[in-house]
Amino acid sequence: MEPDIAGKPVAGKAESQLRKGVLEYCVLAILREGPRYGVELLETLGAVNVMVTSQGTIYPLLSRLRRDGLVETRWQESPSGPPRRYYELTPSGHAALKEFTAVWPHFRDAVDHFITD
């Protein structure tokens with residue numbers, strides 16, 4: 001990652017494209033641990049530098065996952081501030097994550113085969 005003018009890291013094209021390809025499954029994997037609300041997901045993803053993303057990316061993704069039946073939502077009162085929308089995996093979400101988890105090592109190994117000297 002190259003730093004921008006302010007010294008913050010800026011993702012290159014390859015990193016950005018890879019993140020787009022796996023972000024959905026990383027979110028599903030986080031939700032496997034239990035329901036989360038959007039900001040919690042952003043914080044969890046942000047703890048791993050290359051997975052840092054924005055609200056402008058995560059909320060449309062969560063809406064699509066909900067429309068696709070991979071997550072469901074519920075509103076819950078917050079101890080501070082307005083109610084929060086929590087996202088949790090559906091059986092279809094668990095199945096999609098299981099499929100990705102089975103395919104990922106083979107895909108990763110195939111890419112490694114081509115890029116390793």
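This text follows the structure it describes.
Read on for an overview of the structure. (Residues numbered from 1 in each chain as written. Predicted model: local features only at pLDDT ≥ 70, side-chain atom pairs only at ≥ 80, totals over all residues. Heavy atoms only, no water.)

1. A closer look at the packing of aromatic side chains
At step 1: The final tally for this structure, using the stated rule, is four aromatic pairs.
At step 2: Measuring from centroid to centroid gives 5.5 Å for phenylalanine 100 and tryptophan 104, while their planes differ by 25°, and the two rings are stacked. With a gap of four residues between them, phenylalanine 100 and tryptophan 104 both fall in helix α4 (residues 91–115), about one helical turn apart.
At step 3: According to the relative accessible area criterion, phenylalanine 100 is partly exposed, its value standing at 21%.
At step 4: Members of the aromatic cluster, joined through ring pairs, are Tyr25, Phe100, Trp104 and Phe107. (Phe/Tyr/Trp six-rings, centres within 6.5 Å; stacked < 30°, edge-to-face > 60°. Helix = DSSP H or I, 4+ residues; strand = E, 2+ residues; numbered from the N terminus. Buried < 20%, exposed > 50% of the residue type's maximum accessible area, 1.4 Å probe, protein only.)

2. Details of the environment of threonine 101
At step 1: For threonine 101, the location among the structural elements is in helix α4.
At step 2: Residue threonine 101 is classed as partly exposed on the basis of its relative accessible area of 42%.
At step 3: It is 9.3 Å that separates the C-alpha atoms of threonine 101 and alanine 29, two residues lying 72 residues apart in sequence.
At step 4: At a separation of 2.7 Å, a polar atom in the side chain of threonine 101 contacts the main-chain carbonyl oxygen of leucine 97. (Polar contact = N/O pair within 3.5 Å; in protein donor to acceptor, adjacent residues only side chain to side chain.)

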